[in-house]
Amino acid sequence: MDQVTAREASAAPASPGRDDAAAGPVSAPAGSAAPHLRAVLAGIGAYLPEHAVSNDELAKTVDTSDAWIRERTGIRQRHIAAPHETCAFMATQAARAALADAGVAAGAVDAIILATATPDQAFPATAVRVQAALGAGGFGFDLSAACSGFIYGLSVADAMIRAGQVRNVLVIGAEVYSRIMNWQDRGTCVLFGDGAGAVLLRAEAGGAGGASARGILSTHLHAQGDLADILYVDGAVGQPDKPGHLVMNGREVFRHAVTRLAEAVGEALVANGLTGADVDWLVPHQANMRIIEAVGRRIGLPAEKVVVTVDQHANTSAASIPLALAAAYADGRIRPGQLILMEALGGGLTWGSALIRL
Ligand code: COA
């Protein structure tokens, strides 16, 4: 089992001579004296496919019912991508919204980290398709950590910002799970949906730091590869004629999810000297209402402080946290200065948490 914890790292300065509005190659600076740099969340954006499919509509083609799905998972509907709503298309739409929210031009983006398990092609990375569509500079790559991908992406971006390698980073979660569903398997096909969410992280010179400072306070990543066979995609991903299908042992995933996610949120709080009472919002991975409630209870958080979108979006894997964040930001629940705790678990198994002050 691996663990990486990033917290209060000292950092080197951003590349000298770079202008926020200028694109161009970005390289890690050779170590000169440096202010502390923090990864501050500057913008949030989202994209959902136009077509929403209710449980009742799904029950016309799948042997299931609205009551079964709602009782076991809390899901009421999911969005399903049309052919033109590719991973790159949805990621680009979400990224544009995040850039607009931040007031940052695409040309000032240094890096695009796109978390996805459903890229449009094996390569090039969907991130470079997004780079081209946006007209962004810098570099981009895809990150594969299944439903934990957004947390992993935040962690990588945070480390690069603290190291002074980049200033403006898009972290995107984008998924088209409808294309890897086995629509004959009612135990999985009712659970997932499509969509994309994005955040723009910006380097800011931090003051004293600590839990009251803005930005990512810490991230905590884990994986346990000997559990790979309880949630995986069979076949070959990236080939249109053999797309591969998601396979899951739901009970086993459920069992590990509650334990591991409770540990991960506890770890984030302890690392920062905080308790559940300090948290303004838990923005969890949206897999299942029962898992979300169980984790909230473990840290004593009332249901009103937990952002829930699983009813509307179902499980959108790496997109689910930024989609939930965007929903709560758009309706005014999430505001600057608040402390946000995020957690996710997915195939791998991978799991992790992130604590961020807006
Ligand atoms: N509609 C109706 N019945 C269904 C069904 C569906 N969509 N899917 C399964 N069933 C049936 C099964 O066939 C089974 O019937 P049986 O008792 O006659 O054999 C019964 O419901 C129970 O199935 P089971 O798989 O044991 O259900 P469960 O209580 O474990 O709930 C999940 C299934 C998937 C909802 C639950 O295991 C879960 O939430 N797991 C976590 C999944 C998850 O979050 N994964 C993503 C993590 S990133």
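One can find the structure itself at the top, above this paragraph.
The following paragraphs examine the structure supplied in this document. (Residues numbered from 1 in each chain as written. Predicted model: local features only at pLDDT ≥ 70, side-chain atom pairs only at ≥ 80, totals over all residues. Heavy atoms only, no water.)

A look at the overall build of the protein chain
Piece 1. From N to C terminus, the protein chain includes ten helices and 14 strands.
Piece 2. A total of about 13900 Å² of accessible surface is found on the protein chain, and carbon and sulfur atoms cover 53% of it. (Helix = DSSP H or I, 4+ residues; strand = E, 2+ residues; numbered from the N terminus. Areas by Shrake-Rupley, 256 points an atom, 1.4 Å probe, with all protein chains shown as cover.)

With respect to the packing of aromatic side chains
Piece 1. Applying the stated rule across the entire model yields three aromatic pairs.
Piece 2. Plain terms: the ring middles of phenylalanine 139 and phenylalanine 141 are 6.5 Å apart, the flat faces sit at 5° to each other, and that makes the pair stacked.
Piece 3. Judged by centre distance (5.2 Å) and plane angle (25°), the ring pair of tyrosine 177 and phenylalanine 192 falls under stacked. Within this pair, whereas tyrosine 177 is found in the loop between β7 (168–176) and α6 (186–189), its partner phenylalanine 192 is found in the loop between α6 and β8 (194–205), the two being separated by 15 residues in sequence. For the pair formed by tyrosine 177 and phenylalanine 192, the shared burial category is buried. (Phe/Tyr/Trp six-rings, centres within 6.5 Å; stacked < 30°, edge-to-face > 60°. Buried < 20%, exposed > 50% of the residue type's maximum accessible area, 1.4 Å probe, protein only.)

Some points on the pattern of salt bridges
Piece 1. Enumeration over the complete set of coordinates arrives at seven salt bridges.
Piece 2. We note a salt bridge from aspartate 63 to arginine 186, for which the minimum N-O separation is 3.4 Å. Of this pair, aspartate 63 sits in the loop between α1 (55–58) and α2 (66–73) while arginine 186 sits in helix α6; the two residues are 123 residues apart in sequence, bridging distant segments of the chain.
Piece 3. Since its relative accessible area comes to 60%, aspartate 63 is described here as exposed. (Salt bridge = Lys/Arg side-chain N within 4 Å of Asp/Glu carboxyl O.)

Quick word on the side chain of threonine 118
Piece 1. With respect to the helices and strands, the residue threonine 118 is situated in the loop between β5 (111–115) and α4 (126–134).
Piece 2. Here glutamate 175 takes part through its side chain, which lies 2.7 Å from a polar atom of the side chain of threonine 118.
Piece 3. Excluding residues within four positions of it along the chain, threonine 118 makes contact with Cys87, Ala174, Glu175, Val176, Tyr177 and Ile180. (Polar contact = N/O pair within 3.5 Å; in protein donor to acceptor, adjacent residues only side chain to side chain. Contact = heavy atoms within 4.5 Å.)

Structural notes on the site of the ligand
Piece 1. Around the ligand sit 21 residues in total, of which Thr64, Arg72, Arg186, Arg251 and Asn288 are the nearest.
Piece 2. Between the ligand and asparagine 288 there is a distance of 2.5 Å, counted from an oxygen atom to a side-chain nitrogen or oxygen.
Piece 3. Protein coverage of the free-state accessible area of the ligand, which is 960 Å², stands at 73%.
Piece 4. Going through the elements one at a time, α2, α6 and α7 (250–271) are the ones with two or more residues in the shell around the ligand.
Piece 5. The leading source of residues in the shell around the ligand is α7, at four residues.
Piece 6. Across the shell around the ligand, the residue classes tally to ten nonpolar, seven polar and four charged. (Near = heavy atom within 4 Å. Nonpolar A, V, L, I, M, F, W, Y, C, P; charged D, E, K, R; others polar.)

As for unusual backbone geometry
Piece 1. With omega at 5°, the peptide bond leading from phenylalanine 123 into proline 124 counts as cis.
Piece 2. When you line up the elements, proline 124 lands in the loop between β5 and α4.
Piece 3. Look at the link from glycine 348 to leucine 349: it is a cis peptide, with omega at -15°.
Piece 4. Relative to the helices and strands, leucine 349 is located in the loop between β13 (339–346) and β14 (350–357).

Here's the deal with the pairing of β5
Piece 1. Extensive coverage of β5 is indicated by the burial of five of its five residues.
Piece 2. Residues of β5 alternate between two faces, with Ala111, Ile113 and Ala115 on one and Ile112 and Leu114 on the opposite face, all of them buried.
Piece 3. With five bridges connecting them, β5 and strand β6 (residues 139–143) associate as parallel partners. What sits directly across from isoleucine 113, in β6, is phenylalanine 141.
Piece 4. Between the parallel elements β5 and β6, the chain passes through α4 in a crossover that is right-handed.
Piece 5. Strand direction decides the pairing type here: β5 and β7, joined by five bridges, are parallel. The residue bridging isoleucine 112 from the neighbouring strand is leucine 170, located in β7. (Pairing = 2+ DSSP bridges. Right-handed = clockwise from strand over helix to strand, strands pointing away.)

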